[in-house]
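# Working through the structure, step by step
Each chain, written out:
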Amino acid sequence: MSSRRSRSRQSGASRISDEQIVDLVSRLQQLIPEIRSRRSDKVSASKVLQETCNYIRSLHREVDDLSDRLSELLESTDSDSAQAAIIRSLLM
Amino acid sequence: MTMNILPPNSSAIKTRFAVKFIQAMKRLSKRRGMGDRYKRYRATRAAACVSMASAVGPEWAWSRAVLRKIKRRRLLRQFRVSRKRRLIERTTNPRQNLGFGQEEDLRGLVPGGKGMDYCSLLSETAHYITCLQAQVQVMADILHRSSP
């Protein structure tokens, strides 16, 4: 009796976490522009992970590029104008 | 740059991030030793990533990992720990993964990813992506507004 209960609890727990994982993977798919419009049953989990990695890398590159361009705001010898520009952007 | 669908309270996080990031940039603009272009770029990028992690707060493992790393980096810089020792510290950290390529790659890309179970990794990744998207949007916005 106890062994039956523990077996069903174990299979129940693993069933839930499989569903959880499928759900989480499809949520990820919705975030990735490359694959979000495809049907989730047509995109493998491995493909979703792969595209996720590519997407994160491209977002990191965008952050790098924007950081580089924004860092020029720090360059101005007239610190007042750089600060003024930043403050202006906050107020608008 | 792609505009993406963000969760409903994304404007709150974008505002919190924008305020912190601009405050950090103001502090940086007053700092000496910013003549080096590469240093300025590194400092700006660090300010952006820390500001976003700080805006998110300790609720997520990835943001905690970012804030821990910055704290550690500042302490190490204070005590001038050698680069060699820092490299050794990094490579001896235990890894947890099933050995599939993509999962391992993902763990390397998400802050704190190496110590997470698979389920957490997936949900942390989703949140991390939405925050990166918000960060990019706000940074681009600030950039466009600050150019004459």
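As a reminder, the structure under discussion sits directly above these lines.
On a predicted model such as this, the values are computed, not experimentally measured, just so you know.

### Here's the deal with the interface of chain A and chain B
Taken together, the 41 residues of chain A in the interface contact 43 residues of chain B. The tally of links between chain A and chain B comes to three salt bridges. A:Arg57 is the salt-bridge partner of B:Asp105, the closest N and O atoms lying 4.0 Å from each other. Summed over the shared surface of chain A and chain B, the result is five residue pairs in polar contact (both at pLDDT 80 or more). Counting only elements with at least two residues in the side of chain A that touches chain B, the list comes to α1 (2-31), α2 (45-71) and α3 (79-91) of chain A. The biggest single contributor to the side of chain A that touches chain B is α2(A), with 19 residues.

### A few points about the pattern of salt bridges
All names here are of chain B. Considering all chains together, one arrives at eight salt bridges over all chains under this definition. Across the salt bridge formed by aspartate 141 and arginine 145, the nearest N and O atoms sit 3.3 Å from each other. Placement of the pair is aspartate 141 and arginine 145 together in helix α6 (residues 118-146), with a separation of four residues, close to one helical turn. Look at aspartate 141 and you get partly exposed, because its relative accessible area is 35%.

Conventions used here
- Residues numbered from 1 in each chain as written.
- Chains lettered and ligands numbered in written order.
- Predicted model: local features only at pLDDT ≥ 70, side-chain atom pairs only at ≥ 80, totals over all residues.
- Heavy atoms only, no water.
- Contact = heavy atoms within 4.5 Å.
- Salt bridge = Lys/Arg side-chain N within 4 Å of Asp/Glu carboxyl O.
- Polar contact = N/O pair within 3.5 Å; in protein donor to acceptor, adjacent residues only side chain to side chain.
- Helix = DSSP H or I, 4+ residues; strand = E, 2+ residues; numbered from the N terminus.
- Buried < 20%, exposed > 50% of the residue type's maximum accessible area, 1.4 Å probe, protein only.

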